[in-house]
Amino acid sequence: MTANSPLFYTEDTVYTDNTNNIGIVEKTWHDTVRDYTNDKYDEEALDGPPEISDHYFKWGLPPRGWTIVAETLGRRIIPDSALRLVDRSFSVGDVCKRSSQDAQSGTVIDVSMTVSLQHTLTNNVIHDVPGDEIQLYLFPEQGQFVSDSPYRVGEIVATSYKAAVRLRNGGTVWVDDALELNVVVPETASRVAPAGGIAPALIAETTEVVFPHQTVSTDRENIRRGQWIYGAFDFHIPPMGTVLRSEVQGISVRWLPEGTEDYFEAQDEDFANLKAFSDKMDGANWTVGDRVVFKDRPGAYAKYDMTRLGRERYGGFDVNVLIVTATHTKLKVLWQDLTTSIEDAIDLVPYLLVDDHDIWPGEYVGRKDITKMTADAYDIDLDYTQIGVAQHVNAKERTAKVRWFSDTDKLTPDNISDKIEDVSFYELVPHPLISYGIGDFVYLPHTPYFSSDRNSQMAAHEQDSGGIMSSLARAILQQGNHQLTQLARSFLPLRSGHATPVYAHSGDNSATASSENLPLTCDWYGQIVSLNLDGSVTVRLGFSEPVKEVDLPASLLIGAPEDDDDEGDDDDDDDYEYEEGQDLDDSDSSMDDEYDDNDEIVEVDRTQSLRRLMVPDGRKLRRNDDDDDSSWVDEDEFEGTNADAETDEDQNQDVEESKEKARKETGITCSAEANVPVPVPVPPPIARQESTVSDQTISLDPAQFLILDIDPDGSHHFADRSPSKLNHRRIARERKILSSSLPEGIYVRSYTNRLDLFRALIVGPRGTPYEMAPFMFDIHVTSNFPADPPDCFFHSWNTNGVGRVNPNLYEDGKICLSLLGTWPGEQTSEKWNPETSSILQLLVSLQSLVLNNMPYYNEAGYDAVQGTGTAAVNAELYSERTFVLASGFVVFAVQNHIPEFDSVVKYLYFEKEYLKCVVEWEREVIANSEGDTSSPTVDPSSGRIVKVTKGAKILLVKNYNILRRILEKETK
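Residues numbered from 1 in each chain as written. Predicted model: local features only at pLDDT ≥ 70, side-chain atom pairs only at ≥ 80, totals over all residues. Heavy atoms only, no water.

## Some remarks on the overall build of the protein
- For the protein, the helix and strand inventory stands at 17 helices and 44 strands.
- Burial status across the protein gives 54% buried among its 972 residues.
- For the protein, the accessible surface area stands at approximately 43,200 Å², while carbon and sulfur atoms represent 46% of it. (Helix = DSSP H or I, 4+ residues; strand = E, 2+ residues; numbered from the N terminus. Buried < 20%, exposed > 50% of the residue type's maximum accessible area, 1.4 Å probe, protein only. Areas by Shrake-Rupley, 256 points an atom, 1.4 Å probe, with all protein chains shown as cover.)

## Quick word on the sheet that holds strand β41 (residues 774-780)
- Read across the sheet, 5 strands follow the order β37-β39-β40-β41-β42 without closing on themselves; strand pairing throughout is mixed. The two strands at the open ends of the sheet, each matched to only one other strand, are β37 (705-708) and β42 (791-794). Neighbour-to-neighbour, the strand axes of this sheet turn through a mean angle of 20°, independent of strand direction.
- Pairing between β37 and strand β39 (residues 746-751): 4 bridges, direction parallel. In the strand pairing of β39, phenylalanine 705 is matched with valine 748. (Pairing = 2+ DSSP bridges. Axes fitted to C-alpha atoms, helices over the stretch in contact; angles between N-to-C directions.)

## What about the sheet that holds strand β33 (residues 558-559)?
- Taken together, the 5 strands give an open sheet; going across it, the order is β32-β31-β30-β29-β33, and neighbouring strands pair in antiparallel fashion. Two strands close off the open sheet at either side, each with one partner strand: β32 (548-553) and β33.
- Sheet topology note: the strand β31 (residues 536-541)/β32 ladder contains 6 bridges and is antiparallel. By the bridge assignment, arginine 540 is partnered in β32 with glutamate 549.

## Structural notes on the pairing of strand β5 (residues 74-79)
- Bridge count between strand β3 (residues 46-47) and β5: 2 bridges; the pairing is parallel. Residue pairing for β5: aspartate 47 is matched across the bridge by arginine 76.
- Judged from the 6 bridges that link them, strand β4 (residues 66-71) and β5 form a sheet pairing that is antiparallel. Looking at the pairing, tryptophan 66 lines up with proline 79 of β5.
- Where β4 folds back on β5, the antiparallel hairpin that results is connected by 2 residues.

## Points about the packing of aromatic side chains
- Within this structure, the stated rule accounts for 29 aromatic pairs.
- Taking 6.4 Å as the distance between ring centres and 80° as the angle between the ring planes, the aromatic pair formed by tryptophan 524 and tyrosine 525 counts as edge-to-face. Each member of the pair, tryptophan 524 together with tyrosine 525, is buried.
- Taking NZ or CZ as reference, lysine 97 lies 4.2 Å from the ring centre of tyrosine 351, over its face. (Phe/Tyr/Trp six-rings, centres within 6.5 Å; stacked < 30°, edge-to-face > 60°. Lys NZ or Arg CZ within 6 Å of the ring centre and 35° of its normal.)

## Here we look at the packing of helix α15 (residues 902-911) against helix α16 (residues 914-928)
- With their axes 4 Å apart at the nearest point, α15 and α16 run at an angle of 50° to one another. Between α15 and α16, the angle is such that the two are oblique. Contacts from Leu908, Tyr909 and Phe910 of α15 reach α16 at Tyr914, Leu915 and Lys916.
- Broken down by class, the residue content of the contact of α15 with α16 amounts to 5 nonpolar, no polar and 1 charged. (Parallel < 35°, antiparallel > 145°, perpendicular 65-115°, else oblique. Contact = heavy atoms within 4.5 Å. Nonpolar A, V, L, I, M, F, W, Y, C, P; charged D, E, K, R; others polar.)

## Overview of the side chain of lysine 947
- Looking at the element boundaries, lysine 947 is found in strand β44 (residues 945-947).
- Not counting residues within four places of it along the chain, the set of residues in contact with lysine 947 comprises Val925, Asn928, Ser929, Asp932, Ser935, Pro936 and Thr937.

## Description of the packing of helix α12 (residues 728-741) against helix α13 (residues 839-850)
- At a closest axis distance of 9 Å, the pairing of α12 and α13 adopts a crossing angle of 45°. Viewed along their axes, α12 and α13 adopt a mutual orientation that is oblique. Contacts between α12 and α13 pair Glu734, Ile737, Leu738 and Ser741 from the former with Ile839, Leu840 and Leu843 from the latter.
- In terms of residue class, the contact of α12 with α13 is made up of 5 nonpolar, 1 polar and 1 charged.

## Focus: the pattern of salt bridges
- On inspection of all chains with the given rule, the structure shows 37 salt bridges.
- For arginine 881, the salt bridge is made with aspartate 355, and the minimal N-O distance between the two is 4.0 Å. Note on accessibility: arginine 881 and aspartate 355 belong to one class, buried.
- One salt bridge connects aspartate 756 with arginine 754, and the closest N-O pair in it is separated by 2.9 Å. (Salt bridge = Lys/Arg side-chain N within 4 Å of Asp/Glu carboxyl O.)

## Quick notes on unusual backbone geometry
- Between glutamate 545 and the following residue, proline 546, the backbone shows a cis peptide bond with an omega angle of -5°.
- Positionally, proline 546 belongs in the loop between β31 and β32.
- Cis rather than trans, the peptide bond between phenylalanine 785 and proline 786 has omega equal to 5°.
- As for its position among the elements, proline 786 is in the loop between β41 and β42.
- We note that leucine 338 has phi near 75°; this positive angle belongs to a residue other than glycine.
- Looking at the element boundaries, leucine 338 is found in the loop between β21 (322-335) and β22 (340-344).

## Some thoughts on α15
- Within the span of α15, buried status applies to Asp902, Val904, Val905, Tyr907, Leu908 and Tyr909.
- Contacts from the buried residues of α15 go to β39, β40 (757-763), β41, α14 (872-895) and α16.

## Some details on the nonpolar core
- One finds Leu117, Phe294, Val539, Phe775 and Leu843 to be the most contacted residues of the largest nonpolar core, which totals 131 residues.
- Element by element, the count of residues in this core is highest for α14, at 10 residues.
- Apart from residues no more than four positions distant in its own chain, leucine 117 is found in contact with Asn124, Val125, Ile126, Val129, Ile134, Val292, Phe294, Leu322, Ile323, Val324 and Thr325.
- Listed in part, the 15 residues of the second largest apolar core include Ile156, Ile251, Val253 and Trp255. (Core = buried A, V, L, I, M, F, W, Y, C linked by side-chain atoms within 4.5 Å.)

## Some words on the pairing of β42
- Alternating residues of β42 divide into Asp791 and Phe793 and Cys792 and Phe794, and every residue in both groups is buried.
- In terms of strand pairing, β41 meets β42 through 4 bridges, oriented antiparallel. Looking across to β42, one finds that phenylalanine 777 is bridged to phenylalanine 794.

## A look at the environment of tyrosine 770
- If you trace the backbone, tyrosine 770 turns up in the loop between β40 and β41.
- Of the residues examined, tyrosine 770 reaches a relative accessible area of 0% and is grouped as buried.
- C-alpha of tyrosine 770 to C-alpha of valine 805: the two residues are 35 residues apart in sequence and 9.1 Å apart in space.
- Not counting residues within four places of it along the chain, the set of residues in contact with tyrosine 770 comprises Gly764, Pro765, Phe775, Val805, Asn806, Val850, Leu851, Asn852, Pro855, Thr882 and Ala886.
- Here asparagine 806 takes part through its side chain, which lies 2.8 Å from a polar atom of the side chain of tyrosine 770. (Polar contact = N/O pair within 3.5 Å; in protein donor to acceptor, adjacent residues only side chain to side chain.)

## As for the confidence of the model for the protein
- In the predicted model, the protein carries a mean pLDDT of 77, and 73% of its residues have values of at least 70.
- Mean pLDDT values for the elements of the protein range from 25 in helix α10 (residues 610-614) up to 97 in β22.
- Taken together, the stretch residues 373-382 has pLDDT below 50 and engages in 24 contacts with residues farther than four places along the chain or on a different chain.
- For the stretch residues 485-517, pLDDT sits under 50, and the model shows 52 contacts to residues farther than four places along the chain or on other chains. (pLDDT = per-residue confidence, 0-100.)

Here's what the structure looks like:
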């Protein structure tokens, strides 16, 4: 790894302080999720240098080069240089790389593990024990999936425990509440660790649940109220003793998918009937500190020549508990190029910041020809030109070999073509409904019996007419539940040749199913263990007896819902959304000083003239000489000044102040900000050709701000909203600022009859992948403005499901920005301020901070890895994709009619020859990419893309040919 690259990741097992003191990584300096609430740790419970701890509690991450590690004695912030990697945690389905600098990634398809174990009383240590020979001491555990019948599957969401304690007088009692036991470390406990083990004193330390051999204390009432096994309560005996046994007392199960919960007592028969799902990771998910026992206890103790303590000395309890002291994980990885390998986990790194356009073998993908699309709205429908399955993937060149289905309405293995086509990543999108991954849990269409023959399995499931709903309905009917009978019957299918459902019924209270058709286990619930190249998937039926794996068409499966309580995500940009009407602290009072009670707030009427609306109290309007007849400003606003005498220096100062304010009050940091000029690029000198375009088709230099005597058409996202009640003085001020202070490259239009609506066109700044590309935004000023920020919508031209052109600009039009209230900023200064924030500030933020030279790091939390090797490859590929997609924005702008900006587009792209510059730039990039196409290249001096990968070139050539033909037509 390169210098300054991350060395450790969450859940890594490490030795600390260059000793055998072992710990688990909990938080790293490069995590993308910050602990904003700072409530994960108590300040007293986090050990480390004060200034380092303070940094974490202030910013939610340790400073660069430091890591939070959970040790037996507590949690510490430790420098990376004092840590040594022991093992790395991966699960089936995780994506990894050999190095963070590699383009190619792989999917973990199998995990195996060996462990070192230490007896918690004798301290004997053994090594290289296969992980599938042991099981948890306390079983079952939270997070496991269980079933109690053929029709119910649930997840254990809570577990209660009980503990038996031997007191100093020999009395033994199941205490009333095991959670009230406090672990006490005896002074005689050794702090010297056996070879390859953990010091007994550390094993005796506090754990979430107590285990045998730990010394505990509690209050006398907890002892007195307990269930006595031997002896009786004696007030004179101290409430302190040794744990002989701890057990699961009961579990709470949340049933899928309805979310209802049941509690099962351990001694109940229903508890004994619960069957746990046999997960692919069973035997390979151990962590240092886990308390375990052997599955075959007599055989294992003989095999490893360990001393096994008898029950007679311990009240009849088996006290032979082992603790995991080390793990060694090996992975089987399927790489994107279809090769497989066995790897040590510590030789791989997790691929956490996954590129939106990465593709893996067996994945369903769709293709849309985005060069032919004219709609600018986000489109997630299934109207693909083709749907297929990815085969061999060349991650470096950003291409994938794809087998296409013959019919997009029948996505089954018997309908997939043998013909394979090489396709660009940037023309492919994951299928929105068939997007399963290895390790995912799914519902299956039910067939009574599974054949061992693969063809029979596939055929049987394709012919199934009821699916999961039919299967569940039949099982419910067998229970004879009167309230559910009628509902369940409605889901039963009519089979060919039958006038009634499969299960005949009699009476009102029951429905008896044929025993030969009733599923004996939950064979309708499974885990995907393989994505196959013909469009099928291999599903593990973990509730079956014995466990089996079947191949099924992926299109017939239904994804099982994830637990709402799960943490993560990424993409968690969607977790927070500003709601209209949401209060801002002190927002009302903040307006009192600026606006008095005489400021008129009325409903905007389309029929009223601009003059009347803009001039309360009979004030006069004067025409802004820089605009046309429809642009007016309040003359009183100019009192004591000469508007015509405003100098360029004053305007530049306004722009710089807006930029500085944007930097402080948006949730985005601009990489290499000093090197990225904000103004729109001036094209490099090119020998000008004589244009035959008539003078009438070329605009004069268009004004940057205009108020138009037209109504917004249906393409304006907010045109259908009712006009807002406005504070006209504030709107006048906003318009005045826009008319005088817009930086180069930003054009804004408002409307005579809709003062609450704006439309802006921003041209991509120089030295960025967005250079010379147009980006359009619709703005709506709400009735609560300026207490609330305006609503803003982004027109994602020509992407249509292929991907975002910027992490902050979504294809559905959403703009993720703390200034707009659509992202929770880290500091108060990043949010909208009713007194100081403005529409100008918003537009400058979009131009200079969103459309920057390294947009990849705009993604929430990714700034933590900027300047490291972790995401360098992804950042370059993201800029490449952005460059190609931005080219599509140029295509859209010059091909389509945009009433507000027709003159601007003609002026920029034809008179100022931006289109010619774009064509020349793309021609150079294509020529440079003819040879090595394994990675994009950026010119460090100009910030321009100079070479792209093969996959990017495929789409770029299409855009280039369209633009070249338009240019040739206009210059003839």
